[in-house]
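What follows is the residue order along each chain.
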Amino acid sequence: MSILQTLSKQLFGAKYERAVNSLIACIILFLAIHSAGIEIEIAPSILLLTATAFSMGIMWQTLNSSGNADRMTGLFMLPFRNREMTFSLVLAFTGYTLITKTFLVLALFFAVHEWSLLQAAGALICACNSCFSAAAWYTMTKRKKFLPFIILWCGAIFAPIFLVQETVIICFIAFTSMLISFLRLLKIDAYAFYHPVSAKLLIKHTKGTGSIFLYLLRYLITNKNYLLNTAGLCVIAGVMPFILGQFEGVNVMPLGFAVLCLNTPICILLSCDPGLEQAVRTLPGQAKCFCTNYCFFIFSVNMAVNSVCLISWQICKSGVNSTEIITAIVIALQSAILSVLLEWFCPVRNWKIENDLWHHPRKYIVPLIMFLIAGLIGMWSVSIWVLLCIVIAEVLSLSLIIRRI
């Protein structure tokens, strides 16, 4: 219990204030939507699927968070019992996932639809099973021979939700999976969750621009969660013509570019790496060099995703011309400039897990602005010459701002 209390206080605060605030937020959200009389017809399978997939994703991100390195280093320096450490870690991260993330989503589901007690309990069981299963899979991913077993296990959890659609059977399967996870966690070594503090790449004081861009690129490649998010956006970009192509007579392509620029992980590199921020702000001349390269880095990633959308649109719908290409450049560049300025002047601090950064309300500021810009471009049918002038103005404004940093 001492290890569990220590971890819980690190995640929720010394007096568990974050857990209390999250529960209060769930109650307020439920009462506000329920009092408004909003009712939506939702199938039970959607509730169980959301509870399973969402909790599993958050738990996996939490276990892979780089912020766990320092936290676990101190814990593993102390004497401990293997099973006590294992289940303390799993229970602490499960509590964090459920209380701060899953309960908010479930509160929204419970507010817009009336569920039976069995269905509500089934959603909670599925969420708990997802957390325990993700923890068990996390200990198995280091050995490739377990990969087929993990895929079969995952299929056994999700397939009944789509095929059987019986709450009792799905709960039984989830409970069985949780039991298997429990037996797996009994046998594993607690050091399977240990992340040693990795050596940080140092930014040298140089006037060159290539080293910082390569650092950011290597940082993106090293963190698989960031790559997964970018890959997901590429998949969305590929199906974007089928989603937006239904609106005829309206230029909705700029709105699609605005959606694809919502790549939160690459826009929080200073916030998630305090050591990098300290080096950039301390060493002379690094601010201008870093911000320029950081802006170009975000712009490159945004344009890569937008290019997938343009190619897919040309293949499926055709009609892509120079105006759409310049529009993609404008939105990608504007999103990069605003993200860098927001990250430089208003970084997120006092976070516990990287999920706190990924779901911070600040991430919606830039997308909201981009939606407004995309809407204006779509309504006014801006010409290519106006778009080129906007690009030039953005580059000049960025250079003036960086000079004053």
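For the structure itself, look to the data block above.
Because the structure is predicted, anything quoted here is derived from the model rather than measured.

## A closer look at the overall build of the protein
Each helix and strand counted, the protein has 18 helices and zero strands in total. Within the protein, buried positions represent 47% of all 405 residues. Within the protein, counting contacts between residues at least 6 apart in sequence, those at least 24 apart form 86% of the total. Entry remark: accessible area of the protein is about 20,700 Å², with carbon and sulfur atoms responsible for 70%.

## Re the packing of aromatic side chains
Under the defined criterion, the tally for this structure stands at seven aromatic pairs. Where W60 meets Y138, the ring centres are 5.8 Å apart and the plane angle is 75 degrees; that geometry is what we call edge-to-face. With W60 in helix α3 (residues 44–63) and Y138 in helix α6 (residues 117–140), this pair connects stretches of sequence that are 78 residues apart. Look at W60 and you get partly exposed, because its relative accessible area is 28%. With relative accessibility at 4%, the residue Y138 sits in the buried group. Taking the centre distance of 5.3 Å and the plane angle of 40 degrees together, the rings of F290 and Y294 count as tilted. With F290 and Y294 both in helix α14 (residues 286–316) and four residues apart, this pair spans about one turn of that helix. By relative accessible area, which is 1% here, F290 ends up buried.

## Some thoughts on unusual backbone geometry
Both trends apply: most residues other than glycine have a negative phi, and most peptide bonds are in trans. Backbone geometry places Y16, a non-glycine residue, at a positive phi of 55 degrees. Examined against the element boundaries, Y16 turns out to sit in the loop between α1 (2–12) and α2 (17–35).

## Topic: the packing of α1 against helix α5 (residues 82–112)
Contact geometry of α1 with α5 gives a least axis separation of 9 Å together with a crossing angle of 30 degrees. Taken together, the axis directions place α1 and α5 in an arrangement best described as roughly parallel. Along this stretch, α1 crosses α5, giving a crossing that reads as right-handed. Where α1 abuts α5, its residues S2, I3, L4, L7, S8, L11 and F12 lie against E84, M85, S88, L89, L91, A92, F93, G95, Y96, I99 and T100.

Reading guide: rules and limits
Residues numbered from 1 in each chain as written. Predicted model: local features only at pLDDT ≥ 70, side-chain atom pairs only at ≥ 80, totals over all residues. Heavy atoms only, no water. Helix = DSSP H or I, 4+ residues; strand = E, 2+ residues; numbered from the N terminus. Buried < 20%, exposed > 50% of the residue type's maximum accessible area, 1.4 Å probe, protein only. Contact = heavy atoms within 4.5 Å. Areas by Shrake-Rupley, 256 points an atom, 1.4 Å probe, with all protein chains shown as cover. Phe/Tyr/Trp six-rings, centres within 6.5 Å; stacked < 30°, edge-to-face > 60°. Axes fitted to C-alpha atoms, helices over the stretch in contact; angles between N-to-C directions. Parallel < 35°, antiparallel > 145°, perpendicular 65-115°, else oblique. Left-handed = near helix turned anticlockwise from the far one by under 90°.

It is worth stressing that arrangement in space is one thing and function is another; only the former is reported here.
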